[in-house]
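Report on the structure
Below are the chains, spelled out letter by letter.
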Amino acid sequence: MSTSHVSPLREPLVDGVKDLGQITRDVCDPLDAAPTTAWYAAFAAALCALSYGAVMVIHQVWTGIGAWGLNKTVGWSWDITNFVFWVGIGHAGTLISAILFLFRQKWRTSINRSAEAMTIFAVMCAGIFPLIHMGRPWLAYWVMPYPNPMGPLWVNFRSPLLWDVFAISTYFIISATFWFVGLIPDLATMRDRLPEGWRKKAFGFASLGWSGSHRTWSHYEMVYLLLAGLATPLVFSVHTIVSFDFATSVIPGWHATIFPPYFVCGAIFSGFAMVLTLMIIARKVMNFEGYITLRHIDAICKVILLTSMIVGLAYSTELITAYYSGNHYERFAFVNRIKGPFAGFYWMMVFCNVLVPQTLWFERIRRDVRVLFVISILINVGMWLERFVIITISLHRDFLPSSWTSYSPTYVEIGTYIGSFGLFFTCFLLFCRVLPMIAISEVKGVLSYARDDKHKESRHGR
Amino acid sequence: MAAKTFVGVFDSDQAILAAARAAREKGLEVRDAYTPFPVHGMDDALGLPPSWLSRACFALGASGLAFALSFQYWVSLFNWPMNIGGKTFDASPALIPIAFEITVLVAGVGTVVTLLVFRGLLPGKPAELAGLGATDDKFLLVIDGGTEDSLRSFYREHGAVRVEELAGGAR
């Protein structure tokens, strides 16, 4: 449909789809059918995990932070590890929806909707941890500057923790807005194909009277471009600010200028691994193999390979900087990482994040969905370990050997973490059932991409 | 305005684009086109100027930035200066992150609200020409003015698969 030149070597973005109407049916029909047994089973499991987590959170709020395994030396551990882990996961969604849009990477169209949903749910999961870490979450509104009768006593605008509050809330609001704007045309598609009833009414309400008018499309496309342009620096700023939580402190192992780019890259790396996990499941369960093709999987793998190498470079840079700094404490922090009591976690992290992704150089592996599923899980584990290594190992042996200690999580911390997965998958499974998982109008726009006769000939000629 | 509205129903983006261009060349008044996805080239075919929302976005972002910076300075320097670890009260670099976040927040949300209000996209509003398939696989062209015969023959000439007739000039 676009008049711009497309190289004859390009392959189509969707497989086995004949016309526009079929896209509507393929994406919307599963939403009209009753959920499958597999869906019910998955939803029940997610709901169980969520309920267990809710009980743990209530227990923690009731008894206080003492229910966790934290101590005077290790003041941050699983809670903040999980927070950074979930925020990081979210970043891939914005990368796919905003940055790939700015780079005109048209393959993003069939995965951006679910990746954005993943972002929103991941940020929700992330938000829980700092909230309950406050100990008195009913006073959480104190982190917002509002006119109050205490002076007014304002928040400290020079604190990185406050920057984080603003970064995460802005990120959540902008991601949700971006997602909803992208959904409007598809909600209208749903509205127009549903029979009379409460669902038609609900979609009619949410689709804001969208009619596909070109005078609206013209402004809509501008707004979408602007949002992509705003979300791109936003996504970099969010994880940069998360890394400031650590980098602006004086703890050896945290106090490093490499942290912002290192964290942003790690976030994209872990987020793409989670996208891969979810897409491998979704394309199978929802029968979207013609939309989320092996070429999409291949492209995701290439991003993972690149970011894995940047992360590996950051690991070695950290070590060299610590050695070259000549700073006694800095050197010790890293020796403690690679040889200390938690060294197993460090080397497991290196294995998962640096060595395992190297297999993605081979095209055979990039197209083998079962192997990729295992790799994506390993990377998710590795990136969780990375945050644990940075946070807990840097803290547990600080400046004074008299305050050295160890750390192990209690069942409350583990349960809360399981609960966050429950929340994530409950939301994601509901999303799969209620809203179009693939951006219908965007896929329609790229249906004719690389599909004319010239392209067919060159492909058969190869 | 005609008492009736005639809608040309097309099957492909190329067909409706050609028809819209031809209509403009003939001097017909194209009210709007309704398509399942944004058809590129349609802006020119309908003679639409580039969207002014980019300027609105800039203005919103600039006011967000101004608000965030001035509020933080006012709090830190005048309303309740706090001595925290001996940091200076006007530590400008420390005010940048929040200023940036507020800029993005106001610009992003503000632009979307502007779009929705300006184009009348409001919750529960009934859609125009609903049921003719513009959100599925049909491309609709609506031309105002002209006689019934001239419109019908124009649409047919340019490859419309059918012509719909709607009562009233209303949407």
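Each residue is numbered by its place in its chain's sequence as written, counting from 1. Chain labels run from A onward and ligand labels from 1 onward, assigned in the order the entries are written. In view of the model being predicted, local features appear only for residues whose pLDDT reaches at least 70, and side-chain atom pairs are presented and counted only at 80 or more, with totals across whole chains, interfaces and linings using the full set of residues.

1. Points about the overall build of chain B
In terms of helices and strands, chain B carries five helices and four strands. Every radius of gyration here is taken over C-alpha atoms, with the globule rule written as 2.2 Å times N^0.38, N being the number of residues. The C-alpha radius of gyration computed for chain B amounts to 25 Å, which surpasses the reference 16 Å derived for 171 residues by more than 25%, pointing to a less compact arrangement than a globule. Dimensions of chain B, computed from the C-alpha atoms along their principal axes, are close to 80 × 30 × 25 Å. To sort residues by exposure, count the other C-beta atoms lying within 10 Å of each residue's C-beta; 20 or more gives buried, 12 or fewer gives exposed, and values between give partly exposed, all with C-beta atoms placed from the backbone. A total of 171 residues make up chain B; the buried ones form 40% of that total. Contacts in chain B between residues at least 24 apart in sequence constitute 78% of all its contacts with a sequence separation of at least 6. Numbering of helices and strands runs from the N terminus; a helix is a DSSP stretch of H or I covering at least four residues, while a strand is a stretch of E covering at least two. We call two residues in contact when the distance between their C-beta atoms, placed using the backbone, is within 7 Å.

2. A closer look at the overall build of chain A
Secondary structure summary: chain A contains 16 helices and zero strands in total. Taking 2.2 N^0.38 as the reference for a compact globule, 462 residues should give roughly 23 Å; the C-alpha atoms of chain A span a radius of gyration of 24 Å, in line with that estimate. Each principal axis of the C-alpha distribution contributes one length, and for chain A these read about 75 × 60 × 40 Å. Per-residue burial over chain A gives 47% buried out of 462 residues. For chain A, the share of sequence-separated contacts (at least 6 apart) that also reach a separation of at least 24 residues comes to 84%.

3. Notes on the interface of chain B and chain A
Between chain B and chain A, the contact holds 59 residues from the first and 54 residues from the second. Sorting the residues of the side of chain B that touches chain A by element identifies strand E2 (29-34), helix H2 (42-46), helix H3 (53-79) and helix H4 (92-118) of chain B as the ones contributing at least two each. Considered class by class, the residues forming the side of chain B that touches chain A number 36 nonpolar, 13 polar and 10 charged. Asp, Glu, Lys and Arg are counted as charged, while Ala, Val, Leu, Ile, Met, Phe, Trp, Tyr, Cys and Pro are counted as nonpolar; the rest, among them Gly, fall into the polar class.

4. Considering the pairing of strand E1 (residues 4-10) of chain B
Residue and element names in this part refer to chain B. Of all seven residues in E1, five are buried, a share of seventy percent or more. When DSSP finds two or more bridges between a pair of strands, those strands are recorded as paired. Here four bridges tie E1 to strand E3 (residues 139-144), and the two strands are oriented antiparallel to one another. When the bridges of E3 are listed, Val9 appears paired with Leu140.

5. Overview of the environment of Gly212(A)
Mapped onto the fold, Gly212(A) is located in the loop between helix H6 (198-206) and helix H7 (214-247). Taking C-alpha positions, Gly212(A) is 7.2 Å from Pro185(A), a pair spaced 27 residues apart along the chain. Not counting residues up to four positions away in its chain, the partners in contact with Gly212(A) are Pro185(A), Tyr34(B), Thr35(B), Pro36(B), Ala134(B) and Thr135(B).

6. Details of the confidence of the model for chain B
Residue and element names in this part refer to chain B. As a per-residue measure, pLDDT reflects the predictor's confidence and takes values from 0 up to 100. For chain B, per-residue confidence averages 85 on the pLDDT scale, and residues scoring 70 or more make up 95% of the total. Mean pLDDT in chain B bottoms out at strand E4 (residues 162-167), which sits at 78, and peaks at H4, which reaches 94. This prediction of the complex comes with two scores: 0.91 for pTM and 0.91 for ipTM.

7. A word on unusual backbone geometry
Residue and element names in this part refer to chain A. For Leu208, which is not glycine, the phi dihedral falls at a positive 55 degrees. Within the secondary structure, Leu208 sits in the loop between H6 and H7. Residue Leu208 is classed as partly exposed on the basis of its 19 C-beta neighbours within 10 Å.

8. Quick notes on the packing of H3(B) against H4(B)
A pair of packed helices is captured by two measures, namely the crossing angle of their axes and the spacing between those axes. Residue and element names in this part refer to chain B. Whenever a helix is involved, its axis is fitted only over the stretch in contact; in every case the axis is a line through C-alpha atoms, and angles between N-to-C directions fall within 0 to 180 degrees. Closest axis-to-axis distance for the H3/H4 pair is 7 Å, and the angle between their directions is 145 degrees. Crossing of H3 over H4 shows right-handed handedness. Every residue of H4 that contacts H3 at Leu53, Ala56, Cys57, Leu60, Gly61, Ser63, Gly64, Leu65, Phe67, Ala68, Leu69 and Gln72 is listed here: Leu95, Ile98, Ala99, Ile102, Thr103, Leu105, Val106, Ala107, Gly110, Thr111, Thr114 and Leu115. Here the residues of the contact of H3 with H4 are counted per class, giving 16 nonpolar, eight polar and no charged. Crossing handedness is read from the near helix: turned anticlockwise from the far helix by less than a right angle, it gives a left-handed crossing, and turned clockwise, a right-handed one.

9. Some thoughts on H4(B)
Here a helix's expected span is defined as the number of its residues, less one, multiplied by 1.5 Å. With 27 residues, H4(B) should cover 39 Å at 1.5 Å per step; its first-to-last C-alpha distance of 37 Å lies within 8% of that length. Where H4(B) bends most, at Ile98(B), the angle is about 25 degrees. A residue's bend is given by the angle between axes fitted to the 7 residues ending at it and the 7 residues starting at it.

10. Quick notes on helix H10 (residues 328-339) of chain A
Residues and elements named next belong to chain A. Taking 1.5 Å per residue as the helical rise, H10 with its 12 residues ought to reach 16 Å, and the 16 Å between its terminal C-alpha atoms agrees with that figure. For H10, the complete set of buried residues consists of Ala333, Phe334, Asn336 and Arg337. The arc that holds the buried residues of H10, viewed along the axis, is 155 degrees, so those residues lie on one side. Exposed side of H10, more than 90 degrees from the buried face: His328 and Lys339 are the residues found there. Lining the buried residues of H10 we find helix H9 (294-325), helix H11 (343-355) and helix H13 (369-396). Of all possible arcs, the one meant is that of the directions from the helix axis to the C-beta atoms.

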